[in-house]
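Chains, contacts and geometry: an overview
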Amino acid sequence: MRDWHCGERILNLSQRVHIMGVLNVTPDSFSDGGLYLHPARAAERARTMVAEGADIIDIGGESTRPGAGDVPVAEELRRVLPVVEAVASQTGAVVSIDTTKAQVARAALQAGAVIVNDVSALRFDPDMTPTVRSSGAGVVLMHMLGTPRTMQQHPTYSDVVGQVRASLLEWAHAAERAGVPAERIVLDPGIGFGKTRQHNLSLIKRLGVLCAAGYPVLVGPSRKSFIGATLDVPVEQRLEGTFAAVACAVAAGAAIVRVHDVGQMVRVVRMVEAIMGAP
Ligand code: HH2
């Protein structure tokens, strides 16, 4: 597993699976919307996640839940910038900005973020690739079919694992050709982004296929609706389903997991690592 170069920070992914803690600064995110709108509360939540073992704090100001509308740049900046500044300066955590907009990414990188987590894999905003290239930031390229508005309208694949892998590799190679070095790129199958429950289950079961493609893999199953649909539970009862998905993803070779419940997931991940490391 290669190191992940993120600006001045280098994450040693071969040492252990890394934990990305979710910090949504939105009124409408599907599981934690409205909880951390105030920068002081958001920074406190970030400090707690770091104390629980988060390696990265992923800050987002626009919900990408199915059907979500666009947030204007000025509003997204107003939400995320004070939080990025506070978290970067007060916690020393590696900060990631979850956005598809180059203007938001640029401002966040100047305020202390070192990773751009782009659920559109640099495809929605033509300025995103130059922004990532020139900043030296690490980048997460996530797979999505369509846009958040359209992605759950009858997603179809003939071979979901093969097609997701092929698209991600195409986008990663495009980023490399545009000057983003491979050691800064991480791939993500995009659980819940233009996928049915069955697609999500297959992507987790066969995550090893993506992990063998040569880039570190991040996966974000936390509290998502495929868990709700499998277990028939609402969003606040998806912890055990998330445990199972995270455990399978780590066993299959995931390098980073993006989760809400950091303390519990650190223990799940460390236990799976111990089992996988047994003779
Ligand atoms: N999932 C969400 C948002 N960003 N980024 C990556 N790389 N991978 C993911 O799976 C992913 C992501 C959606 O979850 P959440 O942030 O909790 O909800 P919302 O988009 O409603 O804010």
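The structure this text deals with has already been given above.
How each quantity is defined
- Residues numbered from 1 in each chain as written.
- Predicted model: local features only at pLDDT ≥ 70, side-chain atom pairs only at ≥ 80, totals over all residues.
- Heavy atoms only, no water.
- Helix = DSSP H or I, 4+ residues; strand = E, 2+ residues; numbered from the N terminus.
- Expected span 1.5 Å × (residues − 1).
- Buried < 20%, exposed > 50% of the residue type's maximum accessible area, 1.4 Å probe, protein only.
- Arc of directions from axis to C-beta.
- Contact = heavy atoms within 4.5 Å.
- Phe/Tyr/Trp six-rings, centres within 6.5 Å; stacked < 30°, edge-to-face > 60°.
- Lys NZ or Arg CZ within 6 Å of the ring centre and 35° of its normal.
- Axes fitted to C-alpha atoms, helices over the stretch in contact; angles between N-to-C directions.
- Parallel < 35°, antiparallel > 145°, perpendicular 65-115°, else oblique.
- Nonpolar A, V, L, I, M, F, W, Y, C, P; charged D, E, K, R; others polar.
- Salt bridge = Lys/Arg side-chain N within 4 Å of Asp/Glu carboxyl O.

With that settled, the discussion passes to helix α1 (residues 39-52). Over its 14 residues, α1 runs 20 Å from end to end, which matches the ideal 20 Å to within 8%, given 1.5 Å per residue. Within α1, burial applies to Ala 42, Ala 43, Arg 45, Ala 46 and Met 49. Projected down its long axis, α1 shows its buried positions confined to an angular sector of 160°, all on one face. Here the buried face of α1 lies against β3 (18-24), β4 (56-60), α2 (73-91) and α10 (262-276). Two residues or fewer after α1 comes Gly 53, characterised by a positive phi angle close to 120°.

So, on to the packing of aromatic side chains. Going through the model one piece at a time under the given rule, you end up with zero aromatic pairs. The ring of Tyr 215 has Arg 2 lying over it, and the distance from NZ or CZ to the ring centre is 5.4 Å. In this structure, Arg 123 packs its charged tip against the face of Trp 171, placed 4.0 Å from the ring centre.

For Asn 24, the location among the structural elements is in strand β3. A residue is classified by how much of its surface remains accessible, and Asn 24, at 9% relative accessible area, is buried. Among all residues touching Asn 24, those that are not within four sequence positions of it are Ser 29, Asp 32, Tyr 36, Gly 60, Arg 258 and His 260.

Moving on to the packing of helix α5 (residues 160-177) against helix α6 (residues 197-205). At a minimum axis separation of 9 Å, α5 and α6 run at an interaxial angle of 70°. Taken together, the axes of α5 and α6 lie roughly perpendicular to each other. Across the interface between the two elements, Val 160, Val 161 and Val 164 from α5 touch His 199, Ser 202 and Leu 203 from α6. Looking at side-chain class alone, the contact of α5 with α6 contains four nonpolar, two polar and no charged residues.

Before going further, it helps to examine the pattern of salt bridges. Counted according to the given criterion, the structure contains nine salt bridges. The residue Asp 55 makes a salt bridge to Arg 16 at a minimum N-O spacing of 2.7 Å. Linking Asp 55 in the loop between α1 and β4 with Arg 16 in the loop between β2 (9-11) and β3, this pair joins segments that are 39 residues apart in sequence. Here Asp 55 falls in the buried class, since its relative accessible area comes to 15%. Between Arg 270 and Glu 273 there is a salt bridge whose closest N-O contact spans 2.8 Å. On the criterion of helical spacing, the pair formed by Arg 270 and Glu 273 is a turn pair, its members being three residues apart in helix α10. The class for Glu 273 is partly exposed, based on a relative accessible area of 22%.

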